[in-house]
Amino acid sequence: MRKGVMRPGHIQLRVMDMDEAIKHYRDLIGLVEVNRDDQGRVYLKGWTEVDKYSVILTQSDTPGMDFMGFKVLNEEVLNNLHKELIDFGCDVTEIPAGDLEDCGRRIRFIAPTGHIFELYAEKVQTGKWGISNVNPDPWPLNLTGMQAERFDHCLLFGPGVEASKKLFIEVLGFDLAERVVDPDGNVVAAFLSAGMKAHDIAFVEGPEPNKLHHVSFLVETWESLLKAADLLTMTNTTKDVGPTRHGLTHGQTVYFFDPSGNRNEVFCGGDYHYPDHPAVTWKAEDLGKAIFYHELSIHDTYLDVLT
């Protein structure tokens, strides 16, 4: 049952060289730089996003994800979910408004996989970048790089996927859109949706908690994806896999790494999900086909490199 979680709202990524990271996320992926704060954090967004920002870069000695936030419908929903998270047994803290620029209070919790998530209801809205809200043009002038439209989802590795799946479904109201099961029927990967998208968050079973597999950005078309792959070669950016097609979600994809080693994805297309749709099941013994539908096998780096 949907409980008022609308969409992924932001992600804070750790980077080891801020100047190189800005070139990567702004100039190559094509996110719009919004601001920098007195802590040295850099705020960016995809050009179609209405909220002020969705990606926060912070300087660190190690790469990875600090936290991922989801925007909820209003303060009443935030209060209700705060209580339900505590009742579920999560470690929950409240972050005051203003800790992130132009963002309201956030309810932070730790999932069984060890990842830090947060919910919030308020963030300043600045509208689509370069696009009027009256008689809007289809796209803005002066887009750069891959012209990423939005921060779309994350895939995360850690122990306790079944428990995290239960948390997101029973407490936060997500739907299970797709899953991977082992020969004994255990869920080893869960793809969860808060709306109509193929997924907004995905978990894969792994031995180490709190690991980031990739952060993903949407581009418009297959031709946009091919251009993105061209740009990886033109800029000597380290590519992982693609361009190719997934079996899971059926989206088209290319994977690559930022200068700190965080894996990125840009993708287009893919399935949609309604609340009355049954979950799609993939067998773990057919994981090659599920992940890379054309190659029918998984590249070593794809499962081994995490931040």
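Placed above this text is the structure.
Residues numbered from 1 in each chain as written. Predicted model: local features only at pLDDT ≥ 70, side-chain atom pairs only at ≥ 80, totals over all residues. Heavy atoms only, no water.

## Observations regarding the sheet that holds strand β1 (residues 5–15)
Here is step 1 of the chain: An order of β2-β3-β4-β1-β5-β8-β7-β6 is seen for the eight strands of this open sheet, with the pairing classed as mixed. Pairing within the sheet leaves two strands with one partner each, and these edge strands are β2 (32–36) and β6 (92–95). Neighbour to neighbour, the strand axes of the sheet diverge by 25° on average, direction disregarded.
Here is step 2 of the chain: Pairing of β2 with strand β3 (residues 42–45) involves four bridges; the strand directions are antiparallel. When the sheet's bridge partners are listed, Asn 35 is paired in β3 with Tyr 43.
Here is step 3 of the chain: Sheet strands in contact with helix α1 (residues 18–28) are β1, β2, β3 and β4 (55–59), and its direction is about 160° off that of β4. (Pairing = 2+ DSSP bridges. Helix = DSSP H or I, 4+ residues; strand = E, 2+ residues; numbered from the N terminus. Axes fitted to C-alpha atoms, helices over the stretch in contact; angles between N-to-C directions. Contact = heavy atoms within 4.5 Å.)

## What to know about the pattern of salt bridges
Here is step 1 of the chain: Tallied over the full model, the rule gives 24 salt bridges.
Here is step 2 of the chain: Taking the shortest distance from any N to any O, the salt bridge between Arg 108 and Glu 118 comes out at 3.0 Å. Here the residue Arg 108 occupies a position in strand β7 (residues 106–110), and Glu 118 occupies one in strand β8 (residues 116–120), the gap between them amounting to 10 residues. Note on accessibility: Arg 108 and Glu 118 belong to one class, buried.
Here is step 3 of the chain: Arg 263 is paired through a salt bridge with Asp 240; the nearest N and O atoms lie 2.8 Å apart. Taken together, the residues span a long stretch of sequence, with Arg 263 in strand β16 (residues 263–268) and Asp 240 in strand β14 (residues 239–245) at a distance of 23 residues.
Here is step 4 of the chain: Judged by its relative accessible area of 10%, Asp 240 falls in the buried class.
Here is step 5 of the chain: Each of Arg 26, Asp 27, Glu 33 and Arg 36 takes part in salt bridges that share partners, so that together they form one network. (Salt bridge = Lys/Arg side-chain N within 4 Å of Asp/Glu carboxyl O. Buried < 20%, exposed > 50% of the residue type's maximum accessible area, 1.4 Å probe, protein only.)

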